[in-house]
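The residues making up each chain are set out below.
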Amino acid sequence: MRRLKLSQWFFEDLFPGLTYKYLGLISLVFLLVNLGLYDHWGIKVMDDGHRYLIWSQELFDQGLSVLGRKLWYISYLATVYLLFQVPPGLELLIILQLILSYIACLSLFSLTCRLAAYPITGLMASIGYLLWIEISSWNFYLQTESLFISLSVISLYLFTRKWNKITTVVFLLVLAFTVFLRPNGIVLGLASLSLVYFRFDLHQPRFRQWKLLFFALAFIISLFAVFLVIQSTPGAVDFYSRGEIVRGADHLNATHNHPWLVVSGHTIKHPPTDLGPFPRFISFVCHNPLLMAEMFVKKSILFVIHAKPYYSWSHNLFILVTLIPIYLSAIYGWISSRLKVEIKYFILLFYLLSLLLTGLTFETWDGRFLLPTLPMIILLSGLGVERWWKHRQKVC
């Protein structure tokens, strides 16, 4: 009886739409992908990982006096610090990342099933999530990427569940934790404002008196978030002044072999060095608008297409051949599917704000800023394929 209740809770309450058959298929692919990645790569601790270890120790040794830029990583630093108190801490962190990645995969399946007409669409979305190997590969890094990708999916899933006191509290806690995993987390927080707006029906006449206040607060929060991110990144203007499009590409000698990755030919007006990070950024933008515009466009293009000039031609061809159809079917899914309006605009804002943040800051050499948006793009893509198939069946 207890086993029956547990099974009922898991399949009917926690992940509606999931069955033993689909659970088995998803679990098999999850194991094959992650075991293959572990066998090929092992566990990785790169430059950022070493910095997180140092920061987490500093933060808990010296307190909030050394917070500064670390504020935007506080969730990850706290997780790293706590897990590393129990040996083997690194392995425990990787296990946590794998567990949350698995939960995110099941959440994506259940969420897609709730929005789609057929459960096979949920299977397509969850398998697509796993087979985009870059997403799963971060499970084995001491980096914020894995938790941020997984918890972004879980946050949206929790929001779409039937609300009660428990789910509301869990959603808010997961959302707050995710926002402070990394600076990009602010994108999730700002996109979630659209969920709040439509959840409380602020567009309805009886809430009209609150509408202006909501947008005013959203605007102030957005400006303050931009201020905090730039203020906590003192080297941002130096990066712009070098005209570099991709951060980290210089270590690969890519900027020398691919001049397109460096913006040149502009007379750069440098702001005074005695200004703070945010005033320096505003001064730089105002005095170098054409440089900033060219850099923004190039970084945005690289973010969207995900291909890079220094990748092999076969790698770039594979990215484009797979990503372009996903984009096209996702657009069709966004337009044609009967998605709730709050989910539509959350996904749209999450993607566009990620694009905007990348355009204003930098694109990474491995393009990892796109990855948190991909599970939701894949979800829309699955819905687009389903709608196309149903339309084709009607025509035939």
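What counts and how
Residues numbered from 1 in each chain as written. Predicted model: local features only at pLDDT ≥ 70, side-chain atom pairs only at ≥ 80, totals over all residues. Heavy atoms only, no water. Salt bridge = Lys/Arg side-chain N within 4 Å of Asp/Glu carboxyl O. Helix = DSSP H or I, 4+ residues; strand = E, 2+ residues; numbered from the N terminus. Buried < 20%, exposed > 50% of the residue type's maximum accessible area, 1.4 Å probe, protein only. Expected span 1.5 Å × (residues − 1). Arc of directions from axis to C-beta. Contact = heavy atoms within 4.5 Å. Core = buried A, V, L, I, M, F, W, Y, C linked by side-chain atoms within 4.5 Å.

1. Overview of the pattern of salt bridges
Phase 1 of the analysis: Following the criterion strictly, the structure yields eight salt bridges and no others.
Phase 2 of the analysis: Note that Glu-363 and Lys-308 form a salt bridge whose closest N and O atoms lie 3.2 Å from each other. Of this pair, Glu-363 sits in strand E2 (residues 363-364) while Lys-308 sits in the loop between helix H15 (289-305) and helix H16 (313-336); the two residues are 55 residues apart in sequence, bridging distant segments of the chain.
Phase 3 of the analysis: A relative accessible area of 1% places Lys-308 in the buried class.

2. A word on helix H3 (residues 47-62)
Residues spaced three or four apart along an α-helix face the same direction, because each turn holds 3.6 residues.
Phase 1 of the analysis: Taking 1.5 Å of rise per residue, the 16 residues of H3 would be expected to cover 22 Å, and the 22 Å separating its terminal C-alpha atoms lies within 8% of that figure.
Phase 2 of the analysis: Every buried residue belonging to H3 is among Asp-48, Gly-49, Tyr-52, Trp-55, Ser-56 and Leu-59, and all of these are buried. For H3, the arc enclosing every buried residue in end-on projection is 120°, short of the 170-degree limit, so these residues lie on one face. Turned more than 90 degrees away from the buried face of H3 sit Asp-47 and Asp-61, all of them exposed.
Phase 3 of the analysis: On the buried face of H3, the contacting elements are helix H4 (74-83).
Phase 4 of the analysis: Taken from the residues just after H3, Gly-63 is the one with a positive phi, measuring 80°.

3. Some thoughts on the nonpolar core
As a rule of thumb, soluble globular proteins bury nonpolar side chains together.
Phase 1 of the analysis: Of all hydrophobic cores here, the largest spans 105 residues; its most connected members are Leu-18, Ile-26, Tyr-76, Tyr-129 and Phe-346.
Phase 2 of the analysis: Of the residues forming this core, the biggest block, 12 residues, is contributed by helix H5 (residues 89-115).
Phase 3 of the analysis: Here Phe-346 is in contact with Leu-156, Leu-188, Ala-191, Ser-192, Ser-194, Leu-195 and Met-376, once residues within four sequence places are set aside.

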